[in-house]
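# Secondary and tertiary structure notes
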Amino acid sequence: MKMIEVRNLKKDYRIAKKRTGMMGSLKHLVMPRYETLEAVKGISFQIHEGESVAFLGLNGAGKSTTIKMLTGIMKPSEGTVRIMGKDPFLNRIENARRIGVVFGQKSQLWWDIPVIESFRLLKNIYSIPEEQYTRNMERFGEILGLHDFLSQPARKLSLGQRVRADLAASLLHEPPILFLDEPTIGVDVTAKQKIYEFLRETNSKKKTTILLTSHDMKDLESICQRLLILEKGKILFDDTIDKLLKEYGGEMTLEEIIIRLFEHEADHITG
Ligand SMILES: Nc1ncnc2c1ncn2[C@@H]1O[C@H](COP(=O)(O)OP(=O)(O)O)[C@@H](O)[C@H]1O
Ligand SMILES: [Mg+2]
């Protein structure tokens, strides 16, 4: 079954063209000028049930923009997104039941209330049955080690704790699809391992479809079978990790191959 279907997806941002100096700032107030930044330039791909896909690309490649369109937060400039057959932007409420979302940079939890209260609120919002809630809280608590900080408000958690709580929150309603945007950025190694183990298990046991952006290439191999590489808003590679290793591999590790793939681009930026 096709879980995610993306066709010729584009996103343009209109950004203010700044002029220099005081006069420039004044002119901008009176007569602002804009230019168009093509963040995502017409990409197409499909993801099937149970797949777990690593979404890679340098900073600014368009990964977060794509995830925002897939999750229905942002409207595409052109093209179509279908999440289990439906447009996520036009069916936001229905879509919310089908997806879980974790943004490493931004918590979805209520900041000032104890984490456990956020979970109880989500239980009500999604009408999660008591039995399912208890079962999930037990499982999440164990693998992610939530028990130590459930009574703390989200704002008091370390980054690693916060991401683990966010991850549990995103999966309480057992969505068939999980989107993660840089979930382990700034997270320490021990917390990272818990997060990855949890994702592996969720993908293999619950057949949850996963799309994950990360800079951590080392661990991606153990979670994802497939790589989707974005370069300047276009797809550079879309196939299995095995295929990439076979085609370019030789003695190189996955990380080395990907660094090579990006090298000309990196040279271009720094040089
Ligand atoms: N809200 C926004 N307004 C204008 N430009 C943006 C906005 N968000 C992202 N961009 C630009 O779009 C491009 C893609 O950004 P993003 O999707 O965040 O890339 P990535 O997540 O791969 O680092 C970058 O050039 C970025 O500066
Ligand atoms: Mg990003």
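Look above for the structure.
My aim in this report is to walk through the structure given alongside it, one point at a time. Every value quoted in this text rests on a predicted model; they were computed, and no experiment measured them.

### Quick look at the overall build of the protein
Assigned secondary structure in the protein consists of 10 helices and nine strands. Computed over the C-alpha atoms, the radius of gyration of the protein is 20 Å, within 12% of the 18 Å expected from 2.2 N^0.38 for a compact globule of 271 residues. Each principal axis of the C-alpha distribution contributes one length, and for the protein these read about 60 × 55 × 35 Å. Within the protein, buried positions represent 47% of all 271 residues. When the accessible surface of the protein is summed, it comes to about 14200 Å², and 52% of that surface belongs to carbon and sulfur atoms. Of note, the protein has its 41 positive side-chain charges centred 8 Å away from the centre of its 37 negative side-chain charges.

### Notes on the packing of aromatic side chains
Here a ring pair, both rings aromatic, is described through the centre-centre distance and the interplanar angle of the planes. Per the stated rule, a full pass over the model turns up one aromatic pair. Centre to centre, the rings of Phe 140 and Phe 198 are 5.3 Å apart; their planes meet at 85 degrees, and the pair counts as edge-to-face. Of this pair, Phe 140 sits in helix H5 (residues 130-144) while Phe 198 sits in helix H7 (residues 189-206), and the two are 58 residues apart along the sequence. Exposure remark for Phe 198: the relative accessible area of 0% places this residue in the buried category.

### Here we look at the pattern of salt bridges
One pass over the full model with this rule turns up 18 salt bridges. Between Asp 87 and Arg 82 there is a salt bridge; the shortest N-O distance is 3.9 Å. By relative accessible area, Asp 87 is classed as partly exposed at 23%. The class for Arg 82 is partly exposed, based on a relative accessible area of 29%. In this structure, a network of salt bridges that share partners links the residues Lys 2, Glu 5 and Arg 7.

### As for the sheet that holds strand E2 (residues 34-48)
Read from one edge to the other, the open sheet built from three strands follows the order E2-E1-E4, with strand pairing classed as antiparallel. Each of the sheet's edge strands pairs with one partner strand only, and the pair in question is E2 and strand E4 (78-83). The sheet shows a mean angle of 25 degrees between the axes of neighbouring strands, direction not considered. With respect to the sheet, helix H2 (residues 63-70) is in contact with strand E1 (2-16), E2 and E4, its orientation differing from that of E1 by roughly 120 degrees.

### Topic: the side chain of Glu 5
If you trace the backbone, Glu 5 turns up in strand E1. The buried category is assigned to Glu 5, whose relative accessible area is 18%. At 3.3 Å, the side chain of Glu 5 forms a polar contact with the side chain of Arg 7. Once you skip the residues sitting within four places of it in the chain, Glu 5 turns out to touch Phe 45, Gln 46, Thr 80, Val 81 and Arg 82.

### Focus on the site of ligand 1
Taken together, the residues surrounding ligand 1 are Tyr 13, Ile 15, Leu 37, Ala 39, Leu 58, Asn 59, Gly 60, Ala 61, Gly 62, Lys 63, Ser 64 and Thr 65. Between Gly 60 and ligand 1, the recorded distance is 2.7 Å, taken from a backbone N or O atom to an oxygen atom. With respect to ligand 1, the backbone of Ala 61 contributes an N or O atom lying 3.2 Å from an oxygen atom. Protein contacts shield 63% of the accessible area of ligand 1, which totals 560 Å² for the unbound molecule. Take the shell around ligand 1: its biggest share by element is three residues, from H2.

### Brief notes about unusual backbone geometry
The phi angle at Met 84 is positive, at roughly 45 degrees, despite the residue not being glycine. Residue position: Met 84 is located in the loop between E4 and helix H3 (92-98). Given a relative accessible area of 22%, Met 84 falls into the partly exposed group.

### Here we look at a nonpolar patch on the surface
A cluster of nonpolar side chains, Met 22, Met 23, Leu 26, Leu 29, Val 30 and Met 31, forms an exposed patch at the surface whose accessible area comes to about 750 Å². By the element assignment, Leu 26 lies in helix H1 (residues 21-30). Overall, the relative accessible area of 42% leaves Leu 26 in the partly exposed class.

### Observations regarding the pairing of strand E5 (residues 99-103)
With five of five residues buried, E5 is to be regarded as a mostly interior element. Of the two faces of E5, the one holding Ile 99, Val 101 and Phe 103 and the one holding Gly 100 and Val 102 are both buried throughout. Summarising the sheet, E5 and strand E6 (residues 177-181) pair through five bridges and their orientation is parallel. When the sheet's bridge partners are listed, Gly 100 is paired in E6 with Leu 178.

What counts, and where the lines are drawn
Counting restarts for each chain: residues are numbered from 1 in the order of the written sequence. By the order in which they are written, chains take letters starting at A while ligands take numbers starting at 1. Given that this is a predicted model, residues contribute local features only at a pLDDT of at least 70 and side-chain atom pairs are listed and counted only at 80 or more, while totals for whole chains, interfaces and linings are drawn from all residues. Note that the side-chain values use all heavy atoms of the structure and ignore hydrogens as well as water. Numbering of helices and strands starts at the N terminus; helices are DSSP runs of H or I of at least 4 residues and strands are runs of E of at least 2. Taken over C-alpha atoms, the radius of gyration is set against a globule rule of 2.2 Å times the number of residues to the power 0.38. Three labels apply to residues, based on accessible area from a 1.4 Å probe with only protein chains included: buried if under 20% of the type maximum, exposed if over 50%, partly exposed otherwise in between. Surface accessibility in these figures is a Shrake-Rupley result with a 1.4 Å probe; residues are shielded only by whichever protein chains are displayed. Under the convention used here, Asp and Glu are negative, Lys and Arg are positive, and both His and the chain ends fall outside the count. For charged residues, the charge sits on one atom: NZ in Lys, CZ in Arg, CG in Asp, CD in Glu. Two aromatic rings from Phe, Tyr or Trp, using only the six-membered ring of Trp, form a pair when their centres are within 6.5 Å; if the ring planes differ by under 30 degrees the pair is stacked, by over 60 it is edge-to-face, and anything between is tilted. The term salt bridge refers to a side-chain nitrogen of Lys or Arg lying within 4 Å of a carboxyl oxygen of Asp or Glu. DSSP bridges decide pairing: two strands pair if at least two such bridges lie between them. Fitted lines through C-alpha atoms serve as axes, helices being fitted only where they are in contact, and the angles separating the N-to-C directions of these axes extend from 0 to 180 degrees. The contact definition used throughout considers only heavy atoms, calling two residues in contact when any of these lie within 4.5 Å. Between N or O atoms, a polar contact is any pair within 3.5 Å; within protein, one atom must be a potential hydrogen donor and the other a potential acceptor, and residues adjacent in sequence are included only when both atoms are from side chains. The criterion for a residue being near a molecule or strand is simple. One of its heavy atoms has to lie within 4 Å of it. Only residues whose relative accessible area exceeds 30% and that form no salt bridge enter a patch; like-charged residues are grouped when within 9 Å of one another, and nonpolar side chains (Val, Leu, Ile, Met, Phe, Trp, Tyr) when within 5 Å.

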